[in-house]
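Coordinate analysis (summary)
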Amino acid sequence: HFQFSLSQLLAVTTVAALLLGLGGAVGGASSRATLCGLVALAGLIVPVMGLEAPQILVFGWWMLLVLYVALSFFSAIWASFAGA
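This is a predicted model, so every value here is computed, not measured.

**A closer look at the overall build of the protein chain**
Of the regular secondary structure elements, the protein chain holds 3 helices and 0 strands. Taken over the C-alpha atoms alone, the protein chain extends approximately 45 × 30 × 25 Å along its principal axes. Buried positions account for 15% of the 84 residues belonging to the protein chain. The long-range share in the protein chain, meaning contacts at least 24 apart out of those at least 6 apart in sequence, stands at 74%. If you sum the accessible surface of the protein chain, you get close to 6000 Å²; carbon and sulfur atoms cover 76% of it.

**Observations concerning the layout of surface pockets**
A volume near 480 Å³ is recorded for the largest pocket. Put simply, the parts of the chain that give the lining of the largest pocket at least two residues each are α1 (6–26), α2 (29–48) and α3 (55–83). Here the element with the most residues in the lining of the largest pocket is α3; it accounts for 8 residues. Residues of the lining of the largest pocket, tallied by class, amount to 19 nonpolar, 2 polar and 1 charged.

**Focus on the packing of aromatic side chains**
Taken as a whole and judged by the stated rule, the model has 1 aromatic pair. Ring centres 4.8 Å apart and planes at 80° place the aromatic pair W61 and W62 in the edge-to-face group. W61 sits in the buried class, given a relative accessible area of 16%.

What counts, and at which threshold
The written sequence of each chain sets the order in which its residues are numbered from 1. Per-residue local features of the predicted model are confined to residues with pLDDT of at least 70, and side-chain atom pairs are confined, for both listing and counting, to 80 or more; whole-chain, interface and lining totals are unaffected and use all residues. Heavy atoms throughout the structure, all of them, feed into the side-chain values; hydrogens and water do not. We count a stretch as a helix when DSSP gives it H or I for four or more residues in a row; a strand needs E for two or more, and each element gets its number in order from the N terminus. Only protein chains enter the accessibility calculation, which uses a 1.4 Å probe. A residue is then buried if its area is under 20% of the maximum for its type, exposed if over 50%, and partly exposed in between. Contacts are assigned to residue pairs with any non-hydrogen atoms lying within 4.5 Å of each other. Calculation of accessible area relied on Shrake-Rupley with a 1.4 Å probe; when residues are assessed, cover is drawn exclusively from the protein chains displayed. Buried and open spaces are told apart on a 1 Å grid over the protein atoms alone, a cavity being a set of points where a 1.4 Å probe fits but cannot get out and a pocket being an open set with protein on both sides within 12 Å along at least five of seven lines. Residues with an atom within 4 Å of a point are the lining residues. Grid points are joined across faces, edges and corners, and a volume is the space filled by probe spheres set on the points. Under the convention adopted here, Pro, Cys and the residues Ala, Val, Leu, Ile, Met, Phe, Trp and Tyr are nonpolar, Asp, Glu, Lys and Arg are charged, and Gly plus all remaining residues are polar. Each Phe, Tyr or Trp ring (for Trp, its six-membered ring) is paired with any other whose centre lies within 6.5 Å, and the angle between the two planes then decides the class: stacked below 30 degrees, edge-to-face above 60, tilted in between.

Distances and angles like these do not, on their own, reveal function.
Right, dumping it as structure tokens:
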């Protein structure tokens with residue numbers, strides 16, 4: 001059960017926006033999807049190492065995983081339209 005304060009949710013949103021902005025500065029949707037995918041992969045490795053992350057980091061990880069899937073889907077659609 002997730003319970004967060006407004007400042008915690010604002011911090012997660014700010015970090016996600018900064019990551020997406022950095023990905024946009026480097027390249028398009030595919031680079032953002034790659035960046036989100038790498039962070040999601042790191043989020044999978046942390047529990048395997050025996051570390052328990054705070055709930056706010058778990059929430060942030062889930063948000064990045066959703067962004068990864070959405071951006072990957074958008075990138076694939078965009079590439080199909082650009083190639084046509």
